[in-house]
Amino acid sequence: MSAKTYYVYITASRSLNLYAGITNSIFRRALQHKRGEIDGFTKRYNINRLVYYEVFHHVWSAIAREKQIKSWTRAKRLALIATKNPTWQDLADGWGEKFELQIPRRAG
């Protein structure tokens, strides 16, 4: 039996609108936000930059943490992000982009 992994994450727009959510695939969910595939608040306000996430192995722990973060003030959520990502880098930058594999040539 393989262990499940769950993620509580925060995405942000360039103007710092925030959204907190939960997923079992951070890669898939980040790409859905980037591509605007999730209708509603995040699509309407272009909230598509992954700025924070935490990993959990029990779904109930992840759900409890998501509820906790959503209950916080905006200032407290901003401070949480700044503790792990002070430059507000998009942690999913480059995910899902095509790339060309570079295979080094052998000498001789």
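Residues numbered from 1 in each chain as written. Predicted model: local features only at pLDDT ≥ 70, side-chain atom pairs only at ≥ 80, totals over all residues. Heavy atoms only, no water.

Okay, the nonpolar core next. As a rule of thumb, nonpolar side chains are buried together in soluble globular proteins. Grouped together as the largest cluster of nonpolar side chains are 15 residues, with contacts concentrated most on Ile10, Leu18, Val51, Ile69, Leu80, Ile81 and Trp88. Within the residue set of this core, elements represented by two or more residues are β1 (6-12), β2 (18-23), β3 (49-56), α3 (59-71) and α4 (74-84). When residues of this core are assigned to their parent elements, the largest contribution, 4 residues, is made by β1. Each residue touching leucine 80, except ones within four places of it in the same chain, is listed here: Ile10, Tyr52, Glu54, Arg65, Ile69 and Trp72. One finds Tyr7, Tyr9, Ile26 and Ala92 within the second-largest nonpolar core, a separate group that totals 6 residues. (Core = buried A, V, L, I, M, F, W, Y, C linked by side-chain atoms within 4.5 Å. Buried < 20%, exposed > 50% of the residue type's maximum accessible area, 1.4 Å probe, protein only. Helix = DSSP H or I, 4+ residues; strand = E, 2+ residues; numbered from the N terminus. Contact = heavy atoms within 4.5 Å.)

The next point concerns the pattern of salt bridges. Scanning the model with the defined rule gives 4 salt bridges in all. When the shortest N-O distance is used, the salt bridge between aspartate 39 and lysine 43 registers 3.1 Å. Using a relative accessible area of 44% as the deciding quantity, one classes lysine 43 as partly exposed. The partner of glutamate 66 in a salt bridge is lysine 70, with the nearest N and O atoms 3.3 Å apart. Taken together, the positions of glutamate 66 and lysine 70, both in helix α3 and 4 residues apart, correspond to about one turn of that helix. Among the residues examined, glutamate 66 registers a relative accessible area of 12% and is labelled buried. Take lysine 70: its relative accessible area is 43%, and that puts it in the partly exposed class. (Salt bridge = Lys/Arg side-chain N within 4 Å of Asp/Glu carboxyl O.)

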